[in-house]
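This is what each chain is made of:
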Amino acid sequence: PAVTSPCKILKCNSEFWAATSGSHHLGTEEAPEFCTALRAYAHCTRRTARTCRGDLAYHSAVHGIDDLMVQHNCSKDGPTSQPRLRTLPPGDSQERSDSPEICHYEKSFHKHSAAPNYTHCGLFGDPHLRTFTDTFQTCKVQGAWPLIDNNYLNVQVTNTPVLPGSTATATSKLTIIFKSFQECVDQKVYQAEMDELPAAFADGSKNGGDKHGANSLKITEKVSGQHIEIQAKYIGTTIVVRQVGRYLTFAVRMPEEVVNAVEDRDSQGLYLCLRGCPLNQQIDFQTIRSAQATEGRARRKGPSLPAPPEAFTYETATAKCREKLPVEDLYFQSCVFDLLTTGDVNFMLAAYYAFEDVKMLHSNKDKLHLYERTRDLAPGNMAPLGTSPTLWVALLCLSQCWLGLL
């Protein structure tokens, strides 16, 4: 069964937005209705507080409510029924097309210099990580992990087991925080989770707020409930989020200058897109074979454990992946691996769309395909290149065949 988050902050956010659409255009005579909706919002966050500890969007909402209470002179005591206010009139700030030059990265920061170098990071499947340096890893990283943490934005993912008792995990929740930036954008939070891929920020807006350059941050829905794109022109960044099956994929194109804009680079050990997964979170096939052998012995000698998926053999998995990924690179190998470990054909689509996003976002078309599996060690250590893709998949197949014989 799929794991769903008990934190209902997205529901609170959407209810408040539905109640207050266009409220900043209301006259003073309607201010009490806004305060009523705001108190309802606060009440909703209190109801879900216990299950939202550590949730970035929840804490952002709580602070935002306090600020709005002060700005609108709202009392914390009073009615909390949620009125439906009138919708945004034409010409609202959501439709702004003008932005000052400072809010366009290439125009402002590189006016008299060469065009910036862009880098790409992606996370998909079980999960597979392609870092800003084109290192490709397969990781465990169960729970919440930071993908990006720099001076301009934070991205955090939560990975949960695909099947009970399985070591296979996939991304079930994603939180992106765009930090307030000069005259361009207010702080904005985007959050998605399984079966809920909003086409708006957590506060219901689709751009950077009320600042003059608000339109330099904008969300576009490409496919309802399946594919959104966030353009952050003020930092030259494009983010693509998809829901494939029940899980999320993430891809980003970002200038090197923004990638490396951190206060203390040495403290960014958990910035996965920059440093890769910690060594103890990376998956290699010796570990997989050992775990499978342990499960096989446990099934013979002790209580039953969840059996590995039987939907795909090596032959059927490779044939299925070849339908969408004809080049046998690491995206193809990841597809095969995921079908063998999960039995879910949607992981084939996740690998396919991840590569489609690479084609769109990666600035070096000669580096689209990766063929060597690599892993990062601590600074100063040298790591040999990992097992070749062919041997990698062969080992997994042989280990499964061996278990079958046992």
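So, a few notes on the structure that sits alongside this text. (Residues numbered from 1 in each chain as written. Predicted model: local features only at pLDDT ≥ 70, side-chain atom pairs only at ≥ 80, totals over all residues. Heavy atoms only, no water.)

Tallied over the entire structure, the rule returns two cavities of 30 Å³ or more. The volume enclosed by the largest cavity comes to roughly 70 Å³. Contributing to the lining of the largest cavity are His120, Gly122, Leu123, Phe124, Arg130, Thr249, Phe250, Ala251, Tyr331, Ala354, Asp357 and Val358. For the lining of the largest cavity, the secondary structure elements donating two or more residues are strand E1 (118–124), strand E11 (247–255) and helix H10 (346–361). Tallying contributions element by element places E1 first for the lining of the largest cavity, with four residues. Partitioning the lining of the largest cavity into residue classes produces seven nonpolar, three polar and two charged. When we break the lining of the largest cavity down by domain, the ones giving at least three residues each are domain 2 (103–275) and domain 3 (285–295 + 310–367). Here the second largest cavity defines a volume of roughly 60 Å³. If you go around the second largest cavity, the residues you meet are Gly125, Ala170, Thr171, Val244, Gly245, Tyr247, Leu248, Thr249, Asp344, Asn346, Phe347 and Ala350. Taken together, the residues that form the lining of the second largest cavity break down as six nonpolar, five polar and one charged. (1 Å grid on protein atoms, 1.4 Å probe; cavity = no way out; pocket = protein on both sides within 12 Å on 5 of 7 lines; lining within 4 Å. Points joined across faces, edges and corners; volume = space filled by probe spheres on them. Helix = DSSP H or I, 4+ residues; strand = E, 2+ residues; numbered from the N terminus. Nonpolar A, V, L, I, M, F, W, Y, C, P; charged D, E, K, R; others polar. Domains from an automatic or database assignment.)

Right, let's talk about the nonpolar core for a bit. Most often, soluble globular proteins have nonpolar side chains that are buried together. Of all hydrophobic cores here, the largest spans 46 residues; its most connected members are Leu147, Ile148, Ile176, Phe178, Tyr234 and Phe250. When residues in this core are grouped by element, the largest group, four residues, is from E11. Setting aside its immediate chain neighbours within four residues, Ile176 contacts Leu153, Asn154, Val155, Lys188, Val189, Tyr190, Ile230, Ile239, Val241 and Phe250. One finds Cys35, Cys52, Tyr58 and Val189 within the second-largest nonpolar core, a separate group that totals 22 residues. (Core = buried A, V, L, I, M, F, W, Y, C linked by side-chain atoms within 4.5 Å. Buried < 20%, exposed > 50% of the residue type's maximum accessible area, 1.4 Å probe, protein only. Contact = heavy atoms within 4.5 Å.)

Here we come to the packing of helix H8 (residues 314–324) against H10. Packing of H8 against H10 brings their axes to within 9 Å, and their N-to-C directions diverge by 35°. For the pair H8 and H10, the crossing hand works out as right-handed. Packed against H8, whose contacting residues are Lys320, Cys321 and Lys324, the element H10 presents Met348, Leu349 and Tyr352 at the interface. (Axes fitted to C-alpha atoms, helices over the stretch in contact; angles between N-to-C directions. Left-handed = near helix turned anticlockwise from the far one by under 90°.)

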